[in-house]
Amino acid sequence: MTAQSRRRAGRAGDRMLTVWAVLVFAFLFLPIVVIIISSFNSGRLLVAWDGFSFAPFAALVERPVIREAVMVSLRTGLIAALLASLLGTLAGIAMARRPGRWAWWFLGLLLLVSVTPEIVDAVALLPWLVFLGQDLGMALFSDGTARLVIGHSLFSIAIVSYIVRARLVGQDARLEEASADLYATPARTFLKVTLPLAMPAVLAGFLLSFTLSLDNTIVSAFVQVSGTTPWPVYVLSSLRSGLRPEIAAVSTVMLALTLVALGLVALVLKRAGDSASQIARTMAGG
């Protein structure tokens, strides 16, 4: 085969790969595009397009049941993200700055939490929360918001721990040693040196935890109580009567919030001086 033939074959291969990549992306993202378009449908059901309208978005304000479901999801996501950031940050710092055999065992437990199917977590959580809330009389575990926060925090704590640990493992610990040599107390070293070093990962973990909480359906369906139905569970229950355009509209808003949160994660890490590969590594907890 001549050099010209090899170049021609190489260009044909590149074109085939390009076409294949376009088809894969279309397969992945066209359903999302369809939902976004359907959110402007003026009809009663998504399956029938009656015309263009912003009325489905107005349902977020006008319909109390939808408004309450969205507020429950946002409130739960915010509290769960704060709790996961607090506990996950402490765990990540401990694993990065006090490594040892215990850290690998702890990482294994976090991995177990990450890979356990959500349905298993949900089935395990429900009787446990009922036992604590009703049998032992702990009112906190009978509160709908508290139950949702606990369920959503399990996976998020593991994610934040991975991200913070990955961030600090790549940072020089001599800065903290220098702070101690200058007679700074451990608390002051933590607040002035360690926490600022970890802060980009903490913020990234917070935003990721928030987005993960927004679409948590399985655990929410098991642990929720009457009066605190989050948005994913409301959508699931609406399937019996057919998907309506307002569901697509609120889903579009949720998608926008998720994209904004992920964009903020990348922006925070980029402003901290991370390269694209470092951002991907931190967000993956690697």
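Residues numbered from 1 in each chain as written. Predicted model: local features only at pLDDT ≥ 70, side-chain atom pairs only at ≥ 80, totals over all residues. Heavy atoms only, no water.

Colleague: Help me understand the overall build of the protein chain in this model?
Modeller: From N to C terminus, the protein chain includes 12 helices and 0 strands. For the protein chain, the residues scored as buried account for 37% of the 286 residues in total. Long-range pairs, those at least 24 residues apart, make up 70% of the contacts in the protein chain between residues at least 6 apart in sequence. Carbon and sulfur atoms form 71% of the exposed surface of the protein chain, whose accessible area is close to 16400 Å². (Helix = DSSP H or I, 4+ residues; strand = E, 2+ residues; numbered from the N terminus. Buried < 20%, exposed > 50% of the residue type's maximum accessible area, 1.4 Å probe, protein only. Contact = heavy atoms within 4.5 Å. Areas by Shrake-Rupley, 256 points an atom, 1.4 Å probe, with all protein chains shown as cover.)

Colleague: Would you mind going over the packing of aromatic side chains with me for this structure?
Modeller: Both the distance between ring centres and the angle between the ring planes are used here to describe each pair of aromatic rings. Counted by the stated rule, this structure contains 8 aromatic pairs. Aromatic pair F40 and F57: ring centres 5.0 Å apart, planes at 45°, arrangement tilted. Of this pair, F40 sits in the loop between helix 1 (3–38) and helix 2 (55–62) while F57 sits in helix 2, placing them 17 residues apart in sequence. When its relative accessible area of 23% is taken as the criterion, F57 is described as partly exposed. (Phe/Tyr/Trp six-rings, centres within 6.5 Å; stacked < 30°, edge-to-face > 60°.)

Colleague: Whenever I open this one, the packing of helix 2 against helix 3 (residues 64–97) confuses me. Can you help?
Modeller: Axes are the key here: two packed helices are described by the angle between their axes and the distance separating the axes. Two numbers describe how helix 2 lies on helix 3: the axes approach to 6 Å, and their chain directions differ by 75°. What the angle tells us is that helix 2 and helix 3 run roughly perpendicular. Across the interface between the two elements, A59, L60, V61 and E62 of helix 2 pack against P64, I66, R67 and V70 of helix 3. The residue inventory of the contact of helix 2 with helix 3, partitioned by class, reads 6 nonpolar, no polar and 2 charged. (Axes fitted to C-alpha atoms, helices over the stretch in contact; angles between N-to-C directions. Parallel < 35°, antiparallel > 145°, perpendicular 65-115°, else oblique. Nonpolar A, V, L, I, M, F, W, Y, C, P; charged D, E, K, R; others polar.)

Colleague: Please clarify how the nonpolar core should be interpreted in this entry.
Modeller: Most often, soluble globular proteins have nonpolar side chains that are buried together. Counting 39 residues, the largest nonpolar core has I66, V164, L168 and W231 as its most contacted members. Every element with two or more residues in this core is listed here: helix 3, helix 4 (101–115), helix 6 (144–169), helix 8 (186–214), helix 10 (231–238) and helix 11 (245–271). Ignoring any residue separated from it by four or fewer positions in sequence, one finds I66 in contact with A59, L60, W231, Y234, E246 and V250. Counting residues in each nonpolar core, the second largest holds 9 residues, with L125, L132, F141 and V223 among its members. (Core = buried A, V, L, I, M, F, W, Y, C linked by side-chain atoms within 4.5 Å.)

Colleague: Just to check I follow, could you spell out helix 6 for this structure?
Modeller: It helps to recall that an α-helix has 3.6 residues per turn; residues three or four apart then point in one direction. If you check helix 6, its first and last C-alpha atoms are 38 Å apart, about what 26 residues at 1.5 Å a residue would give, namely 38 Å. Along its length, helix 6 shows its largest kink, about 40°, at S153. In terms of residue burial, helix 6 counts as a mostly covered element, since 21 of its 26 residues are buried. Two or three places before T145, at the start of helix 6, stands the capping residue D143, its side-chain oxygen 3.2 Å from that residue's backbone nitrogen. (Expected span 1.5 Å × (residues − 1). Bend = angle between axes of the 7 residues up to and from the residue. Polar contact = N/O pair within 3.5 Å; in protein donor to acceptor, adjacent residues only side chain to side chain.)

Colleague: I tried to follow the side chain of S213 on my own but got confused; where do I start?
Modeller: Summarising the element assignment, S213 is placed in helix 8. Relative accessible area serves as the criterion here: at 3%, S213 is assigned to the buried category. Once residues within four sequence positions are removed from consideration, S213 is found in contact with T76, G77, A80 and H152.

Colleague: Could you clarify how one ought to interpret the environment of S53 in this entry?
Modeller: By the element assignment, S53 lies in the loop between helix 1 and helix 2. Its relative accessible area of 16% is what places S53 among the buried residues. Residues S53 and S39, spaced 14 residues apart in sequence, show a C-alpha to C-alpha distance of 8.6 Å. When residues no more than four places from it in sequence are discounted, the contact partners of S53 are S39, F40, N41 and S42.

Colleague: Explain the pattern of salt bridges here, please?
Modeller: It is possible for side chains of opposite charge to pair when their charged atoms get near one another. What the rule picks out here adds up to 1 salt bridge. A salt bridge links E246 to R63; its shortest N-O distance comes to 2.8 Å. Here E246, found in helix 11, pairs with R63, found in the loop between helix 2 and helix 3; they are 183 residues apart in sequence, far enough to count as distant. (Salt bridge = Lys/Arg side-chain N within 4 Å of Asp/Glu carboxyl O.)

Colleague: Is there a simple way to explain the environment of I79 in this structure?
Modeller: With respect to the helices and strands, I79 occurs in helix 3. Look at I79 and you get partly exposed, because its relative accessible area is 36%. Along the chain, I79 and S153 lie 74 residues apart, while their C-alpha atoms are 9.0 Å from each other. Non-local contacts of I79, meaning those with residues more than four positions away in its chain, are made with T145 and V149.

Colleague: For this particular structure, what's the right way to read the packing of helix 6 against helix 8?
Modeller: Relative to each other, helix 6 and helix 8 sit at 150°, their axes nearing to 9 Å. What the angle tells us is that helix 6 and helix 8 run roughly antiparallel. By crossing handedness, the relation of helix 6 to helix 8 is classed as right-handed. Each of H152, F155, S156, I159, V160, I163, V164, R167 and L168 in helix 6 lies in contact with helix 8, whose residues at this interface are T194, L197, A198, P200, A201, V202, G205, L208, S209, L212 and S213. (Left-handed = near helix turned anticlockwise from the far one by under 90°.)

Colleague: How do you make sense of helix 5 (residues 118–135) when you look at a structure like this?
Modeller: In a regular helix each residue adds 1.5 Å, so 18 residues correspond to 26 Å; helix 5 covers 25 Å between its end C-alpha atoms and thus fits that length. Those residues of helix 5 not exposed but buried are A122, L125, L129, L132 and G133. In this fold, the buried residues of helix 5 make contact with helix 6 and helix 9 (218–223). Taken from the residues just after helix 5, G137 is the one with a positive phi, measuring 75°.

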